[in-house]
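So you can see what is in the structure, the chains are spelled out below.
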Amino acid sequence: MDINELRDQIDNIDEQLVQLFLERMNVAQMIGAYKKENGLPIFDPGRERAKLQDVAEKAGPDMAQYTRVLYAMLFELSRGHQSRTTTHLTKLNESITASIDATPKLFPQAPMVACQGVEGAYSQIACEKIFKSPSIMYFKNFDGVFHAIEQGLCQYGILPIENSTAGSVKKVYDLMIHHNFSIVRSFRLKIDHSLLAKPGTKMEDIREIYSHEQAINQCSDFLKKFPNANIIPVENTAVAAKMVTDANRTDIAALSSRNCEALYGLICLAPNVQDEGNNRTRFICISKNLEIYPGADKTSIMMILHHKPGALYKVLARMYVLGINVIKLESRPIPDRDFEFMFYFDLETSIYSDEFVQLICELDDLCEEFKYLGSYSEVV
């Protein structure tokens, strides 16, 4: 028997499988209608466990696990098909719809915005890319930015959330668990670090270099040129530049943006010293109120999943079934809960799509707890 004959057999089997699959989905839809009529939940974990055990035993030891995986996906497809005809609008979905209607069509031009650091910080640069003429209030740390939003001191806040080379800004993720806010826009800023110092400073004289921890990580190769210098992390790259200006020394330098060179009267000893040329940081713009501006095609959510095998798989499978692309997945430990994690998702889907509405209406069934962080567009 040659390969073509074997492929013909596969084609014949597939034809039968497709027909049986359609029959199964039709029955699943009728079951969904029955559950809706009788007030029953779509998800029946006891029934699914018993079914998985049954099909695994029928498949035999060699194929048991393959069969479990196949049927787990079938269950997700069935639930998704049932939900399309039984989905009821949740309070969250109604809140999102109300926000879309209430949010102005034009993005704000000149609001009061909270940024971490001092004048010349990358957050300030990102802020001025997102808003046309913002008024900026600076805070020492990220926590201060969140509090400024929650207390109404500022309408918006700008926060770095991830870097293309150094990874996620974990402190911001941890704060996102505790504070109430909505993401209204994001922006990817190209980051170019330079070594700045006072006039008269020579490279060979440098004994201390200040910068933010992320910037230090992003310039690790360059910093090897200073084996005898102390590398000192500070809260912000612009703060580092200001520290050099304020110090009565010519043996220190800062890794900072070129904006800080003229701003603080420094000189550039070495430009663009980051390890990667395509070094970008993604900033999010947050608001106390839920605001959803036209063109929103990204959504961020946080989930606490049930602490058992397959919990994350089921969430990802449902997103896959709905055709929703997961562009970021980050896990962070939950304070005071041993070995339990909050999962952060960035999703690529239009807020106006049926798939988005269905996912939002199913979040309660997919996890133990969730937090909707907002839907927005990204400025490039």
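For the structure given in this document, a descriptive report is provided here. Quantities reported herein were computed from a predicted structural model and do not represent experimental measurements. (Residues numbered from 1 in each chain as written. Predicted model: local features only at pLDDT ≥ 70, side-chain atom pairs only at ≥ 80, totals over all residues. Heavy atoms only, no water.)

**Topic: the nonpolar core**
Cut-off, in case you're wondering: The term nonpolar core refers to a set of buried residues drawn from Ala, Val, Leu, Ile, Met, Phe, Trp, Tyr and Cys, joined through side-chain atoms within 4.5 Å. Accessible area is worked out with a 1.4 Å probe on protein chains only. A residue is then buried under 20% of its type maximum, exposed over 50%, and partly exposed in between. Think of it this way: any DSSP run of H or I at least four residues long counts as a helix, any run of E at least two long counts as a strand, and we number them from the N terminus.
Judged by nonpolar contacts, the single largest core of 27 residues is most densely connected at Leu159, Met176, Ile183, Ile286 and Tyr344. Elements with a contribution of two residues or more to this core: helix 6 (142-150), strand 3 (156-163), helix 7 (170-178), strand 11 (280-287), strand 12 (298-304), strand 14 (341-348) and strand 15 (369-379). Listed in part, the 24 residues of the second largest apolar core include Ile292, Leu305, Ile351 and Ile360.

**Observations regarding the side chain of Lys298**
Condition: We score Asp and Glu as negative and Lys and Arg as positive, and we do not count His or the chain ends. Salt bridges are counted wherever a side-chain nitrogen of Lys or Arg sits within 4 Å of a carboxyl oxygen of Asp or Glu. For this analysis, residues touch if any pair of their heavy atoms sits within 4.5 Å.
You can see Lys298 is positioned in strand 12. In this structure Lys298 is buried but unpaired, with Asp297 as the nearest side chain of opposite charge at 4.0 Å. Setting aside anything within four residues of it in sequence, one finds Lys298 in contact with Ile327, Leu347, Glu348, Thr349, Gly374, Ser375, Tyr376 and Glu378.

**Focus: the side chain of Glu291**
Stated precisely, the cut-off is as follows: In protein, a polar contact means a hydrogen-donor-capable atom and an acceptor-capable atom, both N or O and within 3.5 Å, with residues adjacent in sequence counting only if both atoms are side-chain atoms; elsewhere, any N or O pair within 3.5 Å suffices.
One can find Glu291 in the loop between strand 11 and strand 12. Although Glu291 lies buried, it forms no salt bridge, and the closest oppositely charged side chain, Arg185, sits 9.3 Å away as judged by the N-O distance. At a separation of 2.8 Å, a polar atom in the side chain of Glu291 contacts the side chain of Tyr156. Side-chain polar atoms of Glu291 contact the side chain of Ser287, separated by 3.4 Å. In contact with Glu291, not counting residues within four places along its chain, are Ser99, Thr103, Gln155, Tyr156, Ser182, Ile183, Val184 and Ser375.

**With respect to the environment of Asp336**
Among the secondary structure elements, Asp336 is positioned in the loop between strand 13 (325-333) and strand 14. Residues Asp336 and Gly46 lie 290 residues apart in sequence; the distance between their C-alpha atoms is 30 Å.

**Some thoughts on unusual backbone geometry**
When glycine is set aside, most residues are seen to have a negative phi, and most peptide bonds are trans. In the Ramachandran plot, Asn272 falls in the positive-phi region, its phi being about 50° despite a non-glycine side chain. Secondary-structure assignment places Asn272 in the loop between strand 10 (267-270) and strand 11.

**A word on helix 6**
Taken together, the buried positions of helix 6 are Phe142, Gly144, Val145, Phe146, Ala148 and Ile149. If you follow the buried residues of helix 6, they end up packed against strand 1 (112-116), strand 2 (135-139), strand 3, helix 7 and strand 11. The opening residue of helix 6, the one whose side-chain oxygen lies 3.4 Å from the backbone nitrogen of Asp143, is Asn141. Looking one or two places after helix 6, you find Gly152, whose phi comes out positive at around 80°.

**Overview of the packing of helix 12 (residues 311-322) against helix 13 (residues 354-366)**
Convention followed: To get an axis, fit a line to the C-alpha atoms, keeping to the stretch in contact for a helix; angles then go from 0 to 180 degrees between the N-to-C directions. These descriptions rest on fixed angle ranges, namely under 35 degrees for roughly parallel, over 145 for roughly antiparallel, 65 to 115 for roughly perpendicular, and the rest for oblique. Helix crossings fall into two classes, left-handed where the near helix is turned counterclockwise from the far one by less than a right angle and right-handed where it is turned clockwise.
Helix 13 packs onto helix 12 with a crossing angle of 160° between their chain directions and a minimal axis gap of 11 Å. When the axes of helix 12 and helix 13 are compared, the pair comes out roughly antiparallel. The two elements helix 12 and helix 13 meet at a crossing, and its hand is right-handed. Within the contact between the two elements, helix 12 uses Val315, Arg318, Met319 and Leu322 and helix 13 uses Glu355, Gln358, Leu359, Glu362 and Leu366.

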